[in-house]
There are 4 protein chains.
Amino acid sequence: MSNKIRWGVLGGGGDSLIGVLHRVAAGMFDAYQLTAAAFNPDKNISIAFAEEIGIPTDRIYTDLDEMISEEAKLPESERIQVVSIITPNFLHFPMAKQLMEAGYNVICEKPMTMTYDEALELEAIQEEKKCLFALTHTYTGYPMIRQMKKMIAEGVIGEVQKVDAQYYQGWINPIIHDKEKRSSTWRLDPEKSGKSCCMADIGVHAYQMIEYVTGIEVDSVLADLNHLYDDNQMDIDGTVLLRFEKPVKGVLCASQIATGEENNFTLAVYGKKAGLKWEQENPNYLYLLEEGQPLRVLKPGHSYNSDLSLDGTKLPPGHPEGIFDAMGNIYKGMAKAIRGQSFDPAEFPTIHDGVRGMHFIETALASHHDGNVWKSL
Amino acid sequence: MSNKIRWGVLGGGGDSLIGVLHRVAAGMFDAYQLTAAAFNPDKNISIAFAEEIGIPTDRIYTDLDEMISEEAKLPESERIQVVSIITPNFLHFPMAKQLMEAGYNVICEKPMTMTYDEALELEAIQEEKKCLFALTHTYTGYPMIRQMKKMIAEGVIGEVQKVDAQYYQGWINPIIHDKEKRSSTWRLDPEKSGKSCCMADIGVHAYQMIEYVTGIEVDSVLADLNHLYDDNQMDIDGTVLLRFEKPVKGVLCASQIATGEENNFTLAVYGKKAGLKWEQENPNYLYLLEEGQPLRVLKPGHSYNSDLSLDGTKLPPGHPEGIFDAMGNIYKGMAKAIRGQSFDPAEFPTIHDGVRGMHFIETALASHHDGNVWKSL
Amino acid sequence: MSNKIRWGVLGGGGDSLIGVLHRVAAGMFDAYQLTAAAFNPDKNISIAFAEEIGIPTDRIYTDLDEMISEEAKLPESERIQVVSIITPNFLHFPMAKQLMEAGYNVICEKPMTMTYDEALELEAIQEEKKCLFALTHTYTGYPMIRQMKKMIAEGVIGEVQKVDAQYYQGWINPIIHDKEKRSSTWRLDPEKSGKSCCMADIGVHAYQMIEYVTGIEVDSVLADLNHLYDDNQMDIDGTVLLRFEKPVKGVLCASQIATGEENNFTLAVYGKKAGLKWEQENPNYLYLLEEGQPLRVLKPGHSYNSDLSLDGTKLPPGHPEGIFDAMGNIYKGMAKAIRGQSFDPAEFPTIHDGVRGMHFIETALASHHDGNVWKSL
Amino acid sequence: MSNKIRWGVLGGGGDSLIGVLHRVAAGMFDAYQLTAAAFNPDKNISIAFAEEIGIPTDRIYTDLDEMISEEAKLPESERIQVVSIITPNFLHFPMAKQLMEAGYNVICEKPMTMTYDEALELEAIQEEKKCLFALTHTYTGYPMIRQMKKMIAEGVIGEVQKVDAQYYQGWINPIIHDKEKRSSTWRLDPEKSGKSCCMADIGVHAYQMIEYVTGIEVDSVLADLNHLYDDNQMDIDGTVLLRFEKPVKGVLCASQIATGEENNFTLAVYGKKAGLKWEQENPNYLYLLEEGQPLRVLKPGHSYNSDLSLDGTKLPPGHPEGIFDAMGNIYKGMAKAIRGQSFDPAEFPTIHDGVRGMHFIETALASHHDGNVWKSL
């Protein structure tokens, strides 16, 4: 009998990248077993997808209603323990509400809800039902962000006195400058996406991270947003002045018209004694700036990191976490070959590489041994 | 019925990091189903581990002999299709040999064998048995290495004229300078580790990558290795001069006494028209140096990359591949909470983060709407 | 008869770093001859300093009054043509005024004046007198800033739509948190330093650079400044929201309490087609971000740069401008030896280095020639 | 009477970049007075150049013979004290020899001589004549190289055990692949340039720096050089294995066919306790790698640096040394305006910048004071 957590999923089937992300993450520490799912409103599609990814199809459901009613018939020891919501944004709130009312733990993609009122309602339900609820602000999972949080908590930088967060992207640029596109994309339609584009999509990430790493809360904000065009109702850029408990101040800059930027999210926190900086695009480095001292660059996996940070690192220092993906690609290439789909030695090293490698090692040793002379391979 | 590849594993149980790496990689594209395994010589330990990671225990075997004989009794449609060898190095050769002789496809950790002769023997068996064989030179799976290979093949840098590879680590330093440790560690014992330490462990990675990205083969080598101490039999540092087809030359530097280096592997290939450079510790950047042009920095996921590169990227530009790990850590934190092991809001964002976030968004909009005035949170 | 410009200097004697900076800069293109000066209110000190730096002492003056009256007695062909003001800040305005009223061209350190009214007054005098006036906003002299300006002017990034400038320092930190120091330093005394500390000292640099590189003017600002302590009258940190001609917006962040930051001034301008970024601490790199293209990194001295940029580069690509300073240090070391002050082979390479070098070259050639064998040095 | 050192120069007139470099360097610490020169074999050209750069023409000489005979007629207190040789390479040796035989101190561009024998001859003369002799291996003047030297001397990294130097350029690429150009360029003509191209030009820099920073000498070398074409007599690429006192080894890689590289010179020294790394293209950073510690990045001007390093820094931390050049460019622009050659506000900030700046400061203060409201500029 497996010790794994019985896990349900709503949405995320087919080509969904976010679905892949959640499944890989769930598999990473051997802790979750995908047990029930409603990947798609069309149950046949859900079942086909379940087969494709190799999970049993007997607990594939049409929708959340069916999931809840059918799971309720199972003994508690078999029933799913937690459900991930990775459906379109407007479904996050009703699904989370229904799940918690039925007593389920929830893992929910962001944004959690469409409005603040809905968010408060969910919080009230959670307090009543005592469910667990995780919101996937993914960046809080980076080992060096966790280290940043711990170092601030431990007083390494002294009392916080200045916060600077910047989250710049440029992806909306080709849309916003095209009258046709900007009036038709769902991203800029308040009905479909809520009242805000830039602040809701990325500003809120920066905001959550500020509070996560500093452990202090923003008291008040003053915002200047930009819509660029009068016929565009949604903010696509903005700067928010932040005030914390007096006299701490900060600034949060977010933009989707920072042309050419990909996902340039940076966070800097300055205290009385030192500063700490981090960049999402190079997440393995944490910079400690101390007056009159050499800049120090901390990296994951070292014993100088906190337990919280080390708990999130799987490999020794010097191996960027992306090495999992590199290995994944090799397994992918081999899978194509096993299935007879394609055979491309560019996609995985073959036995010939092994032969060459052993020959290289022995030849290098011989060259050295014989007095640093040339040897053929 | 699952479409997944039926996958067997030898070794890699318990706390093995390499085991985690292979399982996560196998799960990354929903292509493999862990179906049979001999994690440990002690079958009870293997079974306990299977339960821990949540896989059926009926095909957990004592050893490779049992795996082969028992799997042979199953219909081909149920039998495992490929086996990963992640046991100690000296077992790679006999296991790979036995598996291929029994007709199995193999995924093998490096080093493939202990000697060149063994490598040739495996190659002969593979040719006879027509099995698939993947050697996990993991770095070939990085999207930007694949892009580098393709750009060289397409002539972007012109004919290759100079190759420079450097692989510097410092981990052996505390061992090598301690007479007791250097005489007792298995890494420096030729009986247990083969004839070479530095060249076999990392030099061969650099060598394989040189041939992988350039598509040309090294003809001859001249090596100068360093053992530092007379009582140490194994190379722990060395430089190898390389000659390719005339007049191409190159150099391969490898060291385990480059104190303070973690896994600093860099590769530069210069052609008649341009150069390409890559660093393992920041694997998402590929540098194109063209005479008289601005330096160009290529990143994964962009449409300017080759199909081979894009096939290995899962997320949009700007998201380092390590984001899978960040999400994995959030799932891990939630798993601890579900299992009642611990509850730490530093390990996953909670509903309170969702509430704060929605409040922030609405308050920022209100501040802007009311004429850029302060609003409390 | 020299073709050099006859140059006068006010202030900048003794150990003044800013004096060194102006003299080296004036000497850099062989264009200025230091001809007259009032380095110090004490004329004897001025004369001693003139001797120390090796210029004639006959035109060393007690003060600006004497400089103006004495120079007026000389024929125009001998009279100084331009005067640099590098005295304490409060003297900038009266000196610049007096000089221009007497018909002199002026090079003035920043801040130009203590108030906006004084600035307007200077501008009116200049218009009347038709003098030349240069304000040493030094950063505009960087080759890559000039390139940034030209590329924006030429439309490389399209119409500007977003501006982001950040100027973070941490130097005031040890002062501001010490009640004694913050009440006694002249930097925080409005009588001595004007009404503003952070905005006047560094914010204005960022502001000037924004208008310099974009060629567009800020229309209005909304500022939130920080004083940290109630007993401190001067801003030491602040964020300024910027509005240009509608709909262009921007943000200017400046701080002197960004603990551990040295002189971290960055500038980013995003247009409809691309973005451009620059960092003062690594001034030789200009980053061009274009949607869907590899990041391009431009460096000084390349023919792809504009004439304005190339005019400010003296050396070939790859030699950071700081190489002048490296050579200066070698001359300094040799000067100490010539003067018999000290002789330290760490301060300049000696003939022994030359001997070793020639031996190395010939030995390396011999090693190669004799078939890649070891040769002693 | 000036305290400056009376300085003579051979060569370096007209558009010579190396001439500018030496003059600026000599002026940088107010220590040298350019007093005598033979810029060009044609005395009229020399005199015109002296006028252009504004120095007296009475001690401009036709050649070194005349310089030596005429200077000898002057009293010692007026006679030049040191002569810089910045003529073509083949003249370095005879000029240095003649100067030292006449008792002069010498500053000599590299290469010091054409052969090792000549170098030994110069060394013997120097020992006899007790002159001072500086060879301008410029890179030894960088503050962080000096710091690297001192830290190694002080044992910060422990006993040196591994040295790695790489000096990669690509400039010869367009020449070497053109049969016509490679047979006609003086750089590849042994008659004009000596026996070596790559090793003599850049390899020797790397070699000198290795010995400079480590303080230990190379004992023997094994070289493999590359000429690429059979009709090319000169090395344009090569790798040199290095042996120091047993068991220290190292490698020196140099290339002029590393296509796209500008002046990529890096130096790494690893000791028993830590490693130190430096890059010429970003010379303000020195990296200290210590096992199990965060990477530390040292920068110039900080009090944690040695006196030797601080002696070569003129400005506070955060100002890259290139700021001298930026200021020089502003002086250059102003010089053009004073001379009526051109007036371009892109070349120096004008009074209008001062007015805008003061307005910005006052307006920002007012916006803050009035409660964070918008104010027009």
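Predicted model only: the values in this text are computed from it and were never measured.

Asks: I keep staring at the overall build of chain A and nothing clicks. Help me out?
Replies: Along its length, chain A carries 13 helices and 14 strands. Based on the C-alpha atoms only, the size of chain A along its principal axes is roughly 80 × 65 × 50 Å. Counting the 377 residues in chain A, one finds 61% classified as buried. A separation of at least 24 residues holds for 61% of the contacts in chain A among residues at least 6 apart in sequence.

Asks: For this particular structure, what's the right way to read the relation of the copies chain D and chain C?
Replies: Take chain D, turn it by 180 degrees, move it 0.0 Å along the axis, and it overlays chain C with an RMSD of 0.1 Å. On the angle and the small slide along the axis, the relation comes out as a two-fold axis. Rotation axis and chain D: the residue whose C-alpha lies nearest the axis is Gly322(D), separated from it by 2.2 Å. Same-surface contact between copies: 98% of interface residues of chain D are shared with the interface of chain C.

Asks: Help me out: how do you make sense of the environment of Glu159(A) in this one?
Replies: Residues and elements named next belong to chain A. Within the secondary structure, glutamate 159 sits in the loop between helix H6 (143–153) and strand S6 (160–168). Sequence-wise, glutamate 159 and asparagine 40 are 119 residues apart; in three dimensions their C-alpha atoms are separated by 49 Å. Aside from chain neighbours lying at most four places away, what touches glutamate 159 is Gly271 and Lys272.

Asks: What exactly am I supposed to notice about the interface of chain D and chain C here?
Replies: In many analyses, interface size is given as the accessible surface area lost on bringing the parts together. Contact residues are listed per partner, giving 126 residues for chain D and 125 residues for chain C. When residues of the side of chain D that touches chain C are assigned to their parent elements, the largest contribution, 17 residues, is made by helix H13 (residues 351–369) of chain D. Across the side of chain D that touches chain C, the residue classes break down as 65 nonpolar, 38 polar and 23 charged.

Asks: How should I be thinking about the sheet that holds strand S1 (residues 5–11) of chain B in this particular structure?
Replies: Backbone hydrogen bonds hold the strands of a sheet together, and the pairing may be parallel or antiparallel. Residues and elements named next belong to chain B. Pairing in this open sheet of five strands is parallel, and the strands run S2-S1-S3-S4-S5 from one edge to the other. The two strands at the open ends of the sheet, each matched to only one other strand, are strand S2 (32–38) and strand S5 (133–135). Sheet twist, expressed as the mean angle between neighbouring strand axes with direction ignored, is 20 degrees. As defined by bridge partners, strand S4 (residues 105–108) adjoins S5 across three bridges and the pair is classed as parallel. Residue pairing across strands places cysteine 108 opposite leucine 135, the latter belonging to S5.

Asks: Sorry if this is basic, but what is going on with the sheet that holds strand S1 (residues 5–11) of chain A here?
Replies: Residues and elements named next belong to chain A. Here we have five strands laid out as an open sheet, ordered S2-S1-S3-S4-S5, and parallel in their pairing. Strand pairing shows two members of the sheet lacking a second neighbour, strand S2 (32–38) and strand S5 (133–135), which therefore form its edges. For this sheet the average axis-to-axis angle between neighbouring strands, irrespective of direction, equals 20 degrees. Relative to S2, S1 runs parallel, the two being bridged by six bridges.

Asks: Sorry if this is basic, but what is going on with the domain arrangement of chain A here?
Replies: Taken as a whole, chain A is organised into domain 1 (5–136), domain 2 (140–310) and domain 3 (333–369). Inter-centroid distance (C-alpha atoms) of domain 2 of chain A to domain 3 of chain A is 44 Å.

Asks: Sorry, what's going on with the interface of chain A and chain D here?
Replies: Contact with chain A, which involves 13 residues of that partner, is made by 13 residues of chain D. Broken down by element, the residue count for the side of chain A that touches chain D peaks at four residues, all from strand S13 (residues 295–298) of chain A. For the side of chain A that touches chain D, the residue count by class is seven nonpolar, five polar and one charged. Pairing between S13(A) and strand S13 (residues 295–298) of chain D: three bridges, direction antiparallel. Residue pairing across strands places Val297(A) opposite Leu295(D), the latter belonging to S13(D).

Asks: How should I be thinking about the relation of the copies chain A and chain D in this particular structure?
Replies: For these two chain copies, the linking operation is a rotation about an axis paired with a shift along it. You can overlay chain A on chain D at an RMSD of 0.1 Å; the transform is a turn of 180 degrees with a shift of 0.0 Å along its axis. A shared interface surface links the copies, since 100% of the contact residues of chain A are contact residues in chain D too.

Asks: When you look at the environment of Gly215(D) in this model, what are you seeing that I'm missing?
Replies: All names here are of chain D. Note that glycine 215 resides in the loop between helix H10 (198–214) and strand S7 (220–226). Distance from glycine 215 to alanine 153, taken between C-alpha atoms, is 7.3 Å for residues 62 residues apart in sequence. The residues touching glycine 215, leaving out its near neighbours within four places in the chain, are Ile152 and Ala153.

Asks: I tried to follow the pairing of S13(A) on my own but got confused; where do I start?
Replies: Residues in a regular strand project their side chains so that they alternate between the two faces of the sheet. All names here are of chain A. Where strand S12 (residues 286–290) meets S13, three bridges bridge the pair, whose relative direction is antiparallel. Note on S13: the bridge partner recorded for tyrosine 287 is valine 297. Taking the residues that link successive antiparallel strands as the turn, the S12-S13 hairpin has four residues, and the phi of glycine 292 there is positive, at about 75 degrees.

Asks: Would you take a moment to explain the packing of helix H4 (residues 92–101) of chain A against helix H5 (residues 116–129) of chain A for this structure?
Replies: In a packed pair of helices, the relevant descriptors are the angle between the two axes and the axis-to-axis distance. Residues and elements named next belong to chain A. Close contact between H4 and H5 brings their axes to 10 Å; oriented N to C, the two are set at 15 degrees. Our classification of the angle between H4 and H5 gives roughly parallel. Pair H4 / H5 crosses with left-handed handedness. Facing H4, whose interface residues are Phe93, Ala96, Lys97, Met100 and Glu101, H5 presents Glu118, Leu122, Ile125, Gln126 and Lys129.

Asks: Please clarify how helix H3 (residues 64–72) of chain C should be interpreted in this entry.
Replies: One full turn of an α-helix is made of 3.6 residues, so residues set three or four places apart face in the same direction. Residue and element names in this part refer to chain C. Those residues of H3 not exposed but buried are Leu64, Met67 and Glu71. Mapping the buried residues of H3 onto a view down its axis gives an arc of 55 degrees, with all of them on the same face. Those residues of H3 that are exposed and angled more than 90 degrees off the buried face are Asp65, Ser69 and Ala72. Residues of H3 that are buried sit in contact with strand S1 (5–11), strand S2 (32–38) and helix H4 (92–101).

Asks: Would you explain the packing of helix H13 (residues 351–369) of chain A against helix H5 (residues 116–129) of chain B in this entry?
Replies: In the contact formed by H13(A) and H5(B), the axes pass within 8 Å of each other and the chain directions differ by 165 degrees. The pairing of H13(A) with H5(B) is recorded here as roughly antiparallel in orientation. The handedness of the crossing between H13(A) and H5(B) comes out as left-handed. Residue-level inspection shows Ile351(A), His352(A), Gly354(A), Val355(A), Met358(A), His359(A) and Glu362(A) of H13(A) in contact with H5(B), the latter providing Tyr116(B), Ala119(B), Leu120(B), Leu122(B), Glu123(B) and Gln126(B). For the contact of H13(A) with H5(B), a count of residues per class yields seven nonpolar, four polar and two charged.

Asks: I keep staring at the pairing of S4(B) and nothing clicks. Help me out?
Replies: Residues and elements named next belong to chain B. What you see with S4 is no split at all: Asn105 and Ile107 on one side and Val106 and Cys108 on the other are buried throughout. Here four bridges tie strand S3 (residues 82–86) to S4, and the two strands are oriented parallel to one another. In the strand pairing of S4, valine 82 is matched with asparagine 105. Taking the sense of rotation as the criterion, the β-α-β connection linking S3, helix H4 (residues 92–101) and S4 turns out right-handed.

Asks: It is not clear to me how unusual backbone geometry should be interpreted in this structure. Could you clarify?
Replies: Where the residue is not glycine, phi is negative for most of them; where a peptide bond is considered, it is trans in most cases. Along the chain, Lys110(B) connects to Pro111(B) via a cis peptide bond; the corresponding omega equals 0 degrees. Relative to the helices and strands, Pro111(B) resides in the loop between S4 and H5. Of note, the bond from Lys246(B) into Pro247(B) is cis; its omega dihedral lies within 30 degrees of zero at 5 degrees. Locating Pro247(B) in the fold gives a position in the loop between strand S8 (237–243) and strand S9 (249–255). Phi is positive for Asp30(A), which is not a glycine, with a value near 55 degrees. Take Asp30(A): there are 22 C-beta atoms within 10 Å of it, and that puts it in the buried class.

Asks: What should I look at first to understand the confidence of the model for chain A in this one?
Replies: Interpretation of the predicted coordinates at a detailed level should be avoided for regions scoring low in pLDDT. Residues and elements named next belong to chain A. Mean pLDDT for chain A: 91, with 99% of residues reaching 70 or above. The lowest-confidence element of chain A is helix H12 (residues 323–338), averaging 81 in pLDDT; the highest-confidence one is S6, averaging 98. Model confidence for the complex: the whole-complex pTM is 0.93, and ipTM, which rates the interface, is 0.91.

Asks: Teacher, can you tell me more about H4(C) here?
Replies: Residues and elements named next belong to chain C. Of all the residues in H4, the buried ones are His92, Phe93, Met95, Ala96, Leu99 and Met100. Looking down the long axis of H4, one finds its buried residues gathered within 170 degrees of arc, a one-sided arrangement. Turning to H4, the residues buried within the fold contact S1, H3, strand S3 (82–86), strand S4 (105–108) and helix H5 (116–129). Among the residues trailing H4, glycine 103 stands out with phi positive, at a value near 90 degrees.

Asks: What's the story with the environment of Thr113(A) in this structure? I'm lost.
Replies: Position of Thr113(A) among the secondary structure elements: in the loop between strand S4 (105–108) and H5. A count of 26 C-beta atoms within 10 Å places Thr113(A) in the buried class. Distance in space between the C-alpha atoms of Thr113(A) and His92(A) is 6.0 Å, their sequence separation being 21 residues. Ignoring any residue separated from it by four or fewer positions in sequence, one finds Thr113(A) in contact with His92(A), Phe93(A), Glu118(A), Ala119(A), Leu122(A), Gly354(B) and Met358(B).

Reading guide: rules and limits
- In every chain, residue numbers begin from 1 and rise along the written sequence.
- Lettering of chains starts at A and numbering of ligands starts at 1, both following the order in which they are written.
- This being a predicted model, a pLDDT of at least 70 is required before a residue's local features are given, and a value of 80 or more before pairs of side-chain atoms are given or counted; all residues contribute to the totals for chains, interfaces and linings.
- Here a strand is any run of E in DSSP of at least two residues, a helix any run of H or I of at least four, and the numbering for each starts at the N terminus.
- Buried residues are those with 20 or more other C-beta atoms within 10 Å of their own C-beta, exposed residues have 12 or fewer, and partly exposed residues lie in between; C-beta atoms are placed from the backbone.
- Two residues form a contact once the distance between their C-beta atoms, set from the backbone, is within 7 Å.
- We place the copies in one frame by least squares, fitting the C-alpha atoms of every residue whose pLDDT is at least 70 in both.
- Lys, Arg, Asp and Glu make up the charged group, whereas Ala, Val, Leu, Ile, Met, Phe, Trp, Tyr, Cys and Pro make up the nonpolar group; the residues left over, Gly among them, are polar.
- Paired strands, in this sense, are two strands between which DSSP finds at least two bridges.
- As a rule, the C-alpha atoms of each element are fitted with a line to give its axis, helices using only the stretch in contact, and angles between N-to-C directions run from 0 to 180 degrees.
- For the purposes of this description, domain bounds are those given by an automatic or database domain assignment.
- Throughout, the term roughly parallel applies to angles under 35 degrees, roughly antiparallel to angles over 145, roughly perpendicular to angles from 65 to 115, and oblique to all others.
- By definition, turning the near helix anticlockwise from the far helix through less than a right angle yields a left-handed crossing, and turning it clockwise yields a right-handed one.
- Regarding the arc, it is the one traced by the directions from the helix axis to the C-beta atoms.
- By convention a crossover is right-handed if, when the strands point away from the viewer, the path from the first strand over the helix to the second runs clockwise.
- The pLDDT score gives, residue by residue, the confidence of the prediction method on a 0 to 100 scale.

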